[in-house]
Amino acid sequence: MVPARGLPLLLREGLRVVVVPPRLKGPREFEVLRCSDSANGQLVSLAGVTTIQAASGLVGRTVLARVADLPEDLCLHDVESLLGRSVCDERLGELGTIAEVMRGPANDVWVVTGRYGEVLVPVVAHVVSHVAPDASPIDVSLPGGLVETDVEA
C-alpha cells in the first residue's frame, strides 16, 4: 500500500480499516494483521484476505482509518496542510512559510522561506512541539546556528 498525499506510512498491526469503494459482497472492514515498510510503500496482511484472488480485488482501492486511531502527531507530516503555513520562532519571530517538506530517515525537515532566506527546520519534539489544525502560525524553538541573523528585518 502506498500512502496518500505524501503522508507517512500509517498502517500498523491491530489497526481497523475500511476499504473504499467497498466490494458489493464480502467484508468491508478489516484488521491489519501484519505490515512492513518498504521503499515502495507497505506490505500489508489483512484479516480475511487469504488468497491472491481476494488480494487482487483490493488493488486500486483506498484504505481508510478512523481519525481517533491515527497518530496524534499526524498534522506534523501532512504535507498538503503544511505547505504555505507561516512559521514563527520564539526568539526570531516570523521566519517565513513552509515551501517544502523533506522526508528523512529519522525525521522530516521543513524548508521555510522568508526574511532569513531558506531555513531548514527539523521536525523534532524539542523544536516543533505542536501544530494547530487551523491555519494559524506554527511556533517553533530553533536551536542556535540554524539561521543567519545578520539579515535586516
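Only a predicted model underlies this, so the values are computations on that prediction, with no experimental measurement involved. (Residues numbered from 1 in each chain as written. Predicted model: local features only at pLDDT ≥ 70, side-chain atom pairs only at ≥ 80, totals over all residues. Heavy atoms only, no water.)

1. Observations regarding the sheet that holds strand E7 (residues 109-114)
Moving on, step 1. Taken together, the five strands give an open sheet; going across it, the order is E8-E7-E6-E5-E9, and neighbouring strands pair in mixed fashion. Edge positions in the open sheet fall to strand E8 (117-122) and strand E9 (138-140), since each of these has one partner strand only. In this sheet, neighbouring strand axes are inclined to one another by 40° on average, regardless of whether the strands run parallel or antiparallel. (Pairing = 2+ DSSP bridges. Helix = DSSP H or I, 4+ residues; strand = E, 2+ residues; numbered from the N terminus. Axes fitted to C-alpha atoms, helices over the stretch in contact; angles between N-to-C directions.)

2. Some thoughts on the environment of glycine 57
Moving on, step 1. Mapped onto the fold, glycine 57 is located in the loop between helix H1 (52-56) and strand E4 (62-65).
Moving on, step 2. For the pair glycine 57 and valine 112, spaced 55 residues apart in the sequence, the C-alpha separation amounts to 42 Å.

3. Things to note about the nonpolar core
Moving on, step 1. Grouped together as the largest cluster of nonpolar side chains are 21 residues, with contacts concentrated most on Trp110, Val121, Val128 and Val140.
Moving on, step 2. Within the residue set of this core, elements represented by two or more residues are helix H2 (79-82), strand E6 (93-102), E7, E8 and E9.
Moving on, step 3. With three residues, the single largest contributor to this core is E6.
Moving on, step 4. Leaving out residues up to four positions away in the same chain, valine 128 has contacts with Leu76, Trp110, Val121, Pro122, Val123, Ile138 and Val140.
Moving on, step 5. Counting residues in hydrophobic clusters, the runner-up holds 10 residues, among them Leu15, Val19, Val32 and Leu46. (Core = buried A, V, L, I, M, F, W, Y, C linked by side-chain atoms within 4.5 Å. Buried < 20%, exposed > 50% of the residue type's maximum accessible area, 1.4 Å probe, protein only. Contact = heavy atoms within 4.5 Å.)

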